[in-house]
Amino acid sequence: LVGVSVEWLTTGKGSEAAPVVALSAEESPPLGVVAIPEYRILCGAGSAGEPTFEEVTESKPAYYRLEWFAAHGTTPDKCKRFVVHGDSMLPILFDGDCILVDCSAAPIRDGKIYAFSYAGDVRVKRLYPLMNGGMRVVSENPAVREELIDPCDMSQFRLIGRVIDRSGSAPF
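I will try to describe carefully the structure that is included in this document. This is a predicted model, so every value here is computed, not measured.

Calculation rules
Residues numbered from 1 in each chain as written. Predicted model: local features only at pLDDT ≥ 70, side-chain atom pairs only at ≥ 80, totals over all residues. Heavy atoms only, no water. Helix = DSSP H or I, 4+ residues; strand = E, 2+ residues; numbered from the N terminus. Buried < 20%, exposed > 50% of the residue type's maximum accessible area, 1.4 Å probe, protein only. Contact = heavy atoms within 4.5 Å. Areas by Shrake-Rupley, 256 points an atom, 1.4 Å probe, with all protein chains shown as cover. Pairing = 2+ DSSP bridges. Axes fitted to C-alpha atoms, helices over the stretch in contact; angles between N-to-C directions.

If you tally the helices and strands in the protein chain, you get 2 helices and 11 strands. Secondary structure of the protein chain in N-to-C order comes out as α-β-β-β-β-α-β-β-β-β-β-β-β. Out of the 172 residues belonging to the protein chain, those deemed buried represent 31%. The contacts in the protein chain between residues at least 6 apart in sequence include a share of 53% that link residues at least 24 apart. Element-wise, carbon and sulfur atoms account for 55% of the exposed surface of the protein chain, whose accessible area totals about 10,200 Å².

Here we come to the sheet that holds strand β11 (residues 157-167). Taken in spatial order, the 7 strands make up an open sheet running β5-β6-β11-β7-β8-β9-β10, and their pairing is antiparallel. Only two strands of the sheet have a single neighbouring strand rather than two, namely β5 (79-83) and β10 (147-149). Adjacent strand axes in the sheet meet at a mean angle of 45°, parallel and antiparallel pairs treated alike.

Once that is clear, we can look at the pairing of strand β6 (residues 98-102). Along β6, 5 of the 5 residues are buried, which leaves the element largely enclosed by surrounding structure. The alternating pattern of β6 places C98, L100 and D102 and I99 and V101 on opposite faces, both of which are buried. Taken together, the 5 bridges between β6 and β11 define a ladder with antiparallel strand orientation. Bridge assignment links C98 to a residue of β11, and that residue is S167.

So this is what it looks like as structure tokens:
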């Protein structure tokens, strides 16, 4: 947690505010900060029901300030972290990046990035609801063709949530 002002970061003027806080695995986060663990998504093929989530206990959680959630219109209990696999969302999301997904029930907004399962396959893509009840699924990588989910196949579509944050070392 950096804990410095934007002014100090950009100009070097003003107060540094609070120092950087490093936490050991045994320590609890400071007041006003919450840890979000990483999860695996488990889902069946076809209309096998809603995806389930399994916490990845061997991974380290990510820390967020409670104010960050308020600014994004959600709460920590509605969010889950997942690891991205594949290159279909390059150059926005890289293989191995972590995404924070707001899993609260909300209408799909055109062109936003969502995690979802379709026919048992977990994906992260831009979604565009269609007037006929179907869905347009768009990858950021131009080498990956867009897909159309027919309205009669939407029973195999399960929305997990909207991606609201990304972290990772790629492309650095």
